[in-house]
Amino acid sequence: MTLTKAVIRAFRILAVAEAFSWAALLIGMYFKWIAGTTEIGVQVAGPIHGALFVGYGVCALGLWRLQRWPFVVALFAGLSAVFPFATILFERWAGQRRYLSVAGAPSGAATLREPSSV
């Protein structure tokens, strides 16, 4: 599996996971601030969302370099993580425009080499 393909796969997974973590965090914030019942949702979902946010950002930066995305595409990838559920919209948008396809990768992209059998 090429490095580019692995990063694209991770990016797609993290886009969906980051959106779900937004939902969990928003639910936790409801119970903490509006219902005033418990903080456990924010205490659990907050760090998970933070880790997924950072992972998504790292993958976006990696794809910016590996896929040679225009700056505007990378900017939209980063901004999509700030707004709830926008990572899924960006992932679909980028996929339709072939920013998330291995064929869209420039020639000579870095690859992970599998050992050859002798």
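**Focus on the overall build of the chain**
Turning to step 1, where the next piece is worked out: When helices and strands are counted, the chain shows four helices and zero strands.
Turning to step 2, where the next piece is worked out: Secondary structure elements in the chain, listed N-terminal to C-terminal, are α-α-α-α.
Turning to step 3, where the next piece is worked out: In the chain, buried positions account for 31% of the 118 residues.
Turning to step 4, where the next piece is worked out: A separation of at least 24 residues holds for 71% of the contacts in the chain among residues at least 6 apart in sequence.
Turning to step 5, where the next piece is worked out: For the chain, the accessible area works out to roughly 7,500 Å², and carbon and sulfur atoms hold 69% of it.

**Notes on the confidence of the model for the chain**
Turning to step 1, where the next piece is worked out: Across the chain, pLDDT averages 89, with 86% of residues at or above 70.
Turning to step 2, where the next piece is worked out: The least confident element of the chain, judged by mean pLDDT, is helix α1 (residues 3–34) at 95; the most confident is helix α4 (residues 86–96) at 97.
Turning to step 3, where the next piece is worked out: Counting contacts from residues 105–115, a segment whose pLDDT is below 50, to residues more than four positions away or on other chains yields 15 contacts.

**Considering the side chain of Glu-18**
Turning to step 1, where the next piece is worked out: As for its placement among the helices and strands, Glu-18 is situated in helix α1.
Turning to step 2, where the next piece is worked out: One buried charge, Glu-18, has no salt-bridge partner; the nearest side chain with opposite charge is Arg-92, at 13 Å.
Turning to step 3, where the next piece is worked out: Not counting residues up to four positions away in its chain, the partners in contact with Glu-18 are His-49, Leu-52, Phe-53, Ala-81 and Thr-87.

**Considerations on the nonpolar core**
Turning to step 1, where the next piece is worked out: Phe-11, Tyr-56, Leu-63, Trp-69, Ala-77, Phe-90 and Leu-100 are the most contacted members of the largest nonpolar core, which has 19 residues in total.
Turning to step 2, where the next piece is worked out: Those elements that place two or more of their residues in this core are α1, α2 (40–66), α3 (71–80) and α4.
Turning to step 3, where the next piece is worked out: If you tally residues by element for this core, the top one is α2, at six residues.
Turning to step 4, where the next piece is worked out: Not counting residues up to four positions away in its chain, the partners in contact with Trp-69 are Phe-11, Ala-60, Leu-63, Trp-64, Ala-74, Ala-77, Phe-90, Tyr-99 and Leu-100.

**A look at the packing of α3 against α4**
Turning to step 1, where the next piece is worked out: Two elements in contact, α3 and α4, have axes whose closest approach is 8 Å; the angle formed by their N-to-C orientations is 155°. The angle between α3 and α4 places the two elements in the roughly antiparallel class. Each of Val-73, Phe-76, Ala-77 and Ser-80 in α3 lies in contact with α4, whose residues at this interface are Ala-86, Thr-87, Phe-90 and Trp-93.
Turning to step 2, where the next piece is worked out: Here the contact of α3 with α4 is composed, by residue class, of six nonpolar, two polar and no charged.

**Some words on a nonpolar patch on the surface**
Turning to step 1, where the next piece is worked out: Residues Phe-53, Val-54, Val-58, Leu-61, Trp-64, Phe-71, Val-72, Leu-75, Phe-76, Leu-79, Val-82 and Phe-83 make up a contiguous nonpolar surface patch of roughly 1,100 Å² in combined accessible area.
Turning to step 2, where the next piece is worked out: At the level of elements, α2 and α3 are the ones that each hand at least two residues to the nonpolar patch.
Turning to step 3, where the next piece is worked out: If you trace the backbone, Phe-83 turns up in the loop between α3 and α4.

Conventions used here
- Residues numbered from 1 in each chain as written.
- Predicted model: local features only at pLDDT ≥ 70, side-chain atom pairs only at ≥ 80, totals over all residues.
- Heavy atoms only, no water.
- Helix = DSSP H or I, 4+ residues; strand = E, 2+ residues; numbered from the N terminus.
- Buried < 20%, exposed > 50% of the residue type's maximum accessible area, 1.4 Å probe, protein only.
- Contact = heavy atoms within 4.5 Å.
- Areas by Shrake-Rupley, 256 points an atom, 1.4 Å probe, with all protein chains shown as cover.
- pLDDT = per-residue confidence, 0-100.
- Lys, Arg positive; Asp, Glu negative; His and termini not counted.
- Salt bridge = Lys/Arg side-chain N within 4 Å of Asp/Glu carboxyl O.
- Core = buried A, V, L, I, M, F, W, Y, C linked by side-chain atoms within 4.5 Å.
- Axes fitted to C-alpha atoms, helices over the stretch in contact; angles between N-to-C directions.
- Parallel < 35°, antiparallel > 145°, perpendicular 65-115°, else oblique.
- Nonpolar A, V, L, I, M, F, W, Y, C, P; charged D, E, K, R; others polar.
- Patch = residues over 30% accessible without salt bridge, like charges linked within 9 Å, V, L, I, M, F, W, Y side chains within 5 Å.

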